[in-house]
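# Structure at a glance
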There are 2 protein chains.
Amino acid sequence: MDQRGYRVAIVGASGEVGRNMIETLDRYPIPVSSLRLLASKRSAGKVYSFRNSNVVIEELTENSFDDIDLAFFSAGGSVSLKYAPIAVSKGAVVIDNTSAFRMDPEIPLVVPEVNAHILSKETRLIANPNCSTIQLVVALKPLRDRYGIESVNVSTYQAISGAGAKALYEYDAELTDENHLPQILPTRSDEIYYKIAHNVIPQIDVFMESGYTKEEIKMINETQKILNDDGIKVNATCVRVPVRYGHSISTTVKLKSPVSTRMEIIDLFEQCEDVVLRDDISHQTYPMPLYLQHRDEVFVGRIRKDLFEEQVIHFWIVADNILKGAALNSVQIAYYMHQNGLLGD
Amino acid sequence: MDQRGYRVAIVGASGEVGRNMIETLDRYPIPVSSLRLLASKRSAGKVYSFRNSNVVIEELTENSFDDIDLAFFSAGGSVSLKYAPIAVSKGAVVIDNTSAFRMDPEIPLVVPEVNAHILSKETRLIANPNCSTIQLVVALKPLRDRYGIESVNVSTYQAISGAGAKALYEYDAELTDENHLPQILPTRSDEIYYKIAHNVIPQIDVFMESGYTKEEIKMINETQKILNDDGIKVNATCVRVPVRYGHSISTTVKLKSPVSTRMEIIDLFEQCEDVVLRDDISHQTYPMPLYLQHRDEVFVGRIRKDLFEEQVIHFWIVADNILKGAALNSVQIAYYMHQNGLLGD
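The rules we used
- Residues numbered from 1 in each chain as written.
- Chains lettered and ligands numbered in written order.
- Predicted model: local features only at pLDDT ≥ 70, side-chain atom pairs only at ≥ 80, totals over all residues.
- Heavy atoms only, no water.
- UniProt positions renumbered as here; feature names shortened; annotations may be inferred.
- Helix = DSSP H or I, 4+ residues; strand = E, 2+ residues; numbered from the N terminus.
- Buried < 20%, exposed > 50% of the residue type's maximum accessible area, 1.4 Å probe, protein only.
- Polar contact = N/O pair within 3.5 Å; in protein donor to acceptor, adjacent residues only side chain to side chain.
- Pairing = 2+ DSSP bridges.
- Contact = heavy atoms within 4.5 Å.
- Axes fitted to C-alpha atoms, helices over the stretch in contact; angles between N-to-C directions.
- 1 Å grid on protein atoms, 1.4 Å probe; cavity = no way out; pocket = protein on both sides within 12 Å on 5 of 7 lines; lining within 4 Å.
- Points joined across faces, edges and corners; volume = space filled by probe spheres on them.
- Nonpolar A, V, L, I, M, F, W, Y, C, P; charged D, E, K, R; others polar.
- Domains from an automatic or database assignment.
- Buried area = accessible area lost by both parts, 1.4 Å probe.
- Salt bridge = Lys/Arg side-chain N within 4 Å of Asp/Glu carboxyl O.
- Parallel < 35°, antiparallel > 145°, perpendicular 65-115°, else oblique.
- Left-handed = near helix turned anticlockwise from the far one by under 90°.
- Expected span 1.5 Å × (residues − 1).
- Bend = angle between axes of the 7 residues up to and from the residue.

With an unreviewed UniProt entry as reference, chain A is termed Aspartate-semialdehyde dehydrogenase, source organism Turicibacter faecis. The UniProt entry for chain A carries this comment under Subunit (unreviewed entry): "Homodimer." Under the UniProt heading Function (unreviewed entry), the note attached to chain A is "Catalyzes the NADPH-dependent formation of L-aspartate-semialdehyde (L-ASA) by the reductive dephosphorylation of L-aspartyl-4-phosphate."

If you want it as structure tokens, here you go:
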């Protein structure tokens, strides 16, 4: 860094997450002396505004990371695999939003509210978890700290923006033209495409032999890694729904000790600074994605004690998948490192 | 009945379910000598086609059930509470699609594939279960018969048509006019309304003090009653999604004995006549509501063995909520009774 702040690069700047990284970094109190926006040749030349300046996207090359202190990556796993090590070798700290390094035991997988303490001055590469996992572990943390967690079972209601800007265009096209042929969802890299308008699709990412999708396995493995407890049994069913922004998660947790009342859990979440409680059944208050898009926080509601098992509770989590699920969490990792003197020389 | 068949009445004939009862009865091999369509004064005079005749809706009165052998009710709980006993007293067998009598211990709650055996020649009033419950218990039955069931945990993705035709109009209005103010969903009888387009709403029916909604409690209680086992622990999280027809259910079942492989469950469902297996991950085959609307069957897919617990499995159920979830199941109850000589004198 120079006297005025960090020299920052954003790789994948023209994508849905990249653009939100620019906006989030813009409003976060992280000193930035220069911003380099990087993308494929196709996006080079596009102009974005950052702190009252215009920044032109440059084509990503091996020389893009000369004089960079901090690089955010969100351009797909293969780009990260190739260029993140180059950025690190040139002295940058890399915060990677792809799945490329998440399960590497050497690489910290970080949600600042949960496990920022594993970051150190030696950390050069940090993985940003899967969008659904982030909001889940933020809500699990106060429960883990208070009761311990035996198992977690979730069904997700995931927004279309999680599949990128093109999936959002596809949704709009389907809404206006019922003969529009889908070409993106459920997952670009698979072979068959289905409509998302007026539909729900129980497939996100490709299938594994076990019958689970990769997205589901990510939620399972990453939750265990972030909570640093491979004894926690996790299950996920990941489903795409016709919502633009905001993932919702129907969550069942078996705690290690019993809960006496529903109010006990409501109080716990109310006192937790890292979640926003939206649970007032007398006023039909609960979190919903349409009404919470473009918000930073993780919202929790629909809290219930299981009717049969005293250690089991159920609740509902909503967060913006592009912000807390991706861009914001990455910037928050950088902000934590900045505040704690872990960035720069 | 007379020589040509049963004298049938449909109460609530102009509603979403009522119109589907007319169409379903039309194509089912149940002899009908006369059809009386009944509704509120507002709908009287409307004309529907049935087996090449036109039938005019009459206003429902206490005299509507003279000379009726079989009456289907789907006009709301208060209408059933008032008129179903009148119909029974005049000699009709009543199949009621509302929640009015479902939890009455004297009244059979029937999904023919699961518990038609409780019907007898003395049965005069039969309750048709909640839409989500029906498709759930059809899929649970082969598991119960083979392994026994300890617990069931579901998260639903319920279609808008479950809230009636007006909710469908509201959805269309929201899609074309983003300033349209909702007045129906989540539930007409509650006080605050939310948009369903581009949203998911984790409330169906009103709230109970426990934090559960009535819809969730219905699924819990009715599942136990139909499976005739109040030892089965059931949990439900019921969510409305922007889908017109077809409820989807993400289902976790803890069996009483272990499952060795995912294929064991796939084979079981494949051999079960009452469900249609749609589970081929190599071809991205799984049930989705948009592609299965207006179908009679209950579809099952996304079958997985839990990664940690050998008695736990997960799967995904889709069925048309207006057909198998309501109109069709009612007609199937009548058809079973007809075939087994339980209807008429």
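Next comes the rest of the description.
All names here are of chain B. In this structure, Thr 176 sits in helix 5 (residues 165–176). For Thr 176, a relative accessible area of 71% corresponds to the exposed category. Polar side-chain contacts of Thr 176 include one of 3.1 Å to the backbone oxygen of Asp 172.

With that out of the way, let us pick up the sheet that holds strand 5 (residues 58–59) of chain B. Residues and elements named next belong to chain B. Ordered in space as 5-2-1-6-7-8, the six strands form an open sheet in which the pairing is parallel. At either margin of the open sheet sits one strand with a lone partner, and together these are strand 5 and strand 8 (125–127). Pairing of strand 7 (residues 93–96) with strand 8 involves three bridges; the strand directions are parallel. Bridging across to strand 8, Asp 96 finds its partner in Ala 127. Sheet contacts for helix 1 (residues 16–27): strand 1 (6–11), strand 2 (32–39) and strand 6 (70–73); angle to strand 1, the most-contacted strand, approximately 155 degrees. Of the strands in this sheet, strand 1, strand 6, strand 7 and strand 8 touch helix 2 (residues 77–89), which is tilted by about 175 degrees from strand 6.

A few words now on the UniProt feature "binding site: substrate" (unreviewed entry) in chain A. Residue and element names in this part refer to chain A. Here the UniProt-annotated "binding site: substrate" (unreviewed entry) positions come out as Gln 158 and Arg 240. A maximum C-alpha distance of 4.7 Å among these annotated residues, which run over 83 residues, shows that they cluster at one spot. Beyond its immediate chain neighbours, meaning those up to four positions away, Gln 158 contacts Cys 131, Ser 132, Ile 204, Glu 215, Cys 238, Val 239, Arg 240, Val 241 and His 247. Within the structure, Gln 158 has its side chain in polar contact with the side chain of Ser 132 (distance 3.1 Å). Counting through the fold element by element, Arg 240 comes out in the loop between strand 10 (233–237) and strand 11 (247–255). Once you skip the residues sitting within four places of it in the chain, Arg 240 turns out to touch Gln 158, Ala 159, Ile 160, Gly 162, Ala 163, Leu 185, Pro 186, Ile 196, Val 200, Ile 201, Ile 204 and His 247.

Our focus in this paragraph is empty space enclosed by the protein. Summed over all chains, the structure comprises one cavity of 30 Å³ or more. At the level of elements, strand 9 (149–157) and strand 11 of chain A together with strand 9 (149–157) and strand 11 (247–255) of chain B are the ones that each hand at least two residues to the lining of the largest cavity. Split by residue class, the lining of the largest cavity holds two nonpolar, eight polar and no charged.

Residues and elements named next belong to chain A. Each assigned domain of chain A is listed with its residue range as follows: domain 1 (6–130 + 326–339) and domain 2 (132–320). Relative to domain 2, the C-alpha centre of domain 1 lies at a distance of 25 Å. At the junction of the two partners, domain 1 supplies 21 residues and domain 2 supplies 21 residues. Among the residues domain 1 hides against domain 2, the three largest losses belong to Glu 16, Val 114 and Asn 130. Together they make up 40% of the total. Where domain 1 touches domain 2, the interface holds two salt bridges. Measuring nitrogen to oxygen at the nearest pair gives 2.8 Å for the salt bridge that ties Arg 27 to Asp 296. Across the contact surface, domain 1 and domain 2 share eleven residue pairs in polar contact (both at pLDDT 80 or more). Residue assignment for the side of domain 1 that touches domain 2 shows that the elements contributing at least two residues are helix 1 (16–27), helix 3 (112–115) and helix 9 (323–339). Along the lines of polarity and charge, the residues of the side of domain 1 that touches domain 2 split into ten nonpolar, five polar and six charged.

What follows covers the packing of helix 4 (residues 131–147) of chain A against helix 6 (residues 214–226) of chain A. All names here are of chain A. The contact between helix 4 and helix 6 brings their axes to 9 Å, and the two run at 40 degrees. Judged by the inter-axis angle, helix 4 sits oblique to helix 6. Seen from above, helix 4 lies across helix 6 with right-handed handedness. Across the interface between the two elements, Cys 131, Ser 132, Thr 133, Leu 136, Val 137 and Leu 140 from helix 4 touch Glu 215, Lys 218, Met 219, Glu 222, Thr 223 and Ile 226 from helix 6. Considering only residue class, the contact of helix 4 with helix 6 consists of six nonpolar, three polar and three charged.

Turning to the interface of chain A and chain B, a few remarks are in order. Contacts between the two partners involve 64 residues from chain A, matched on the other side by 64 residues from chain B. For the pair chain A and chain B, the summed buried surface comes to about 5,300 Å²; carbon and sulfur atoms form 59% of the total. Considering only the side of chain A, the residues that lose the most area to chain B are His 198, Gln 284 and Phe 308 of chain A, jointly responsible for 14% of the buried surface there. The tally of links from chain A across to chain B stands at four salt bridges. Among the salt bridges present, the one from Glu 216 of chain A reaches Arg 304 of chain B, with a minimum N-O distance of 3.5 Å. Along the contact surface separating chain A from chain B lie 37 residue pairs in polar contact (both at pLDDT 80 or more). Elements with a minimum of two residues in the side of chain A that touches chain B: strand 9, helix 5 (165–176), helix 6, strand 10, strand 11, helix 8 (289–292), strand 13 (299–305) and strand 14 (312–319) of chain A. Sorting elements by how many residues they give to the side of chain A that touches chain B places strand 10 of chain A first, with five residues. Along the lines of polarity and charge, the residues of the side of chain A that touches chain B split into 33 nonpolar, 18 polar and 13 charged.

This part covers the pairing of strand 3 (residues 47–50) of chain A. All names here are of chain A. Only one face of strand 3 is covered, namely the face carrying Tyr 48 and Phe 50; the face carrying Val 47 and Ser 49 is uncovered. Here strand 3 runs beside strand 4 (residues 53–56); their pairing, made up of four bridges, is antiparallel. From the neighbouring strand, Ser 49 faces strand 4, where its bridge partner is Asn 54.

In this section: helix 9 of chain A. Each full turn of the α-helix corresponds to 3.6 residues, which orients residues three or four apart in the same direction. Residues and elements named next belong to chain A. The end-to-end C-alpha distance of helix 9 is 20 Å, clearly below the 24 Å that 17 residues give at a rise of 1.5 Å each. Largest kink in helix 9: about 45 degrees, centred on Asn 329. Within helix 9, 13 of the 17 residues are buried, which leaves it mostly tucked inside the rest of the structure. Of the residues flanking the end of helix 9, it is Gly 341, one or two places downstream, whose phi is positive at about 65 degrees.

Our focus in this paragraph is the packing of helix 4 of chain A against helix 7 (residues 262–271) of chain A. Residues and elements named next belong to chain A. Between helix 4 and helix 7, the shortest axis-to-axis distance is 10 Å and the interhelical angle comes to 115 degrees. Note that helix 4 runs across helix 7; the crossing there is right-handed. Of the residues in helix 7, those in contact with Ala 139, Pro 142, Leu 143, Arg 146 and Tyr 147 of helix 4 are Glu 264, Ile 265, Leu 268 and Phe 269.

Attention now goes to unusual backbone geometry. The amide bond that connects Leu 185 of chain A to the next residue, Pro 186 of chain A, takes the cis arrangement and shows omega of 10 degrees. With respect to the secondary-structure elements, Pro 186 of chain A resides in the loop between helix 5 and helix 6. Its identity as a non-glycine residue notwithstanding, Asn 52 of chain A has a phi of 70 degrees, on the positive side. On the basis of relative accessible area, Asn 52 of chain A is assigned to the exposed category, the value being 83%. Within the chain, Asp 67 of chain B stands out as a residue other than glycine whose phi angle is a positive 60 degrees.

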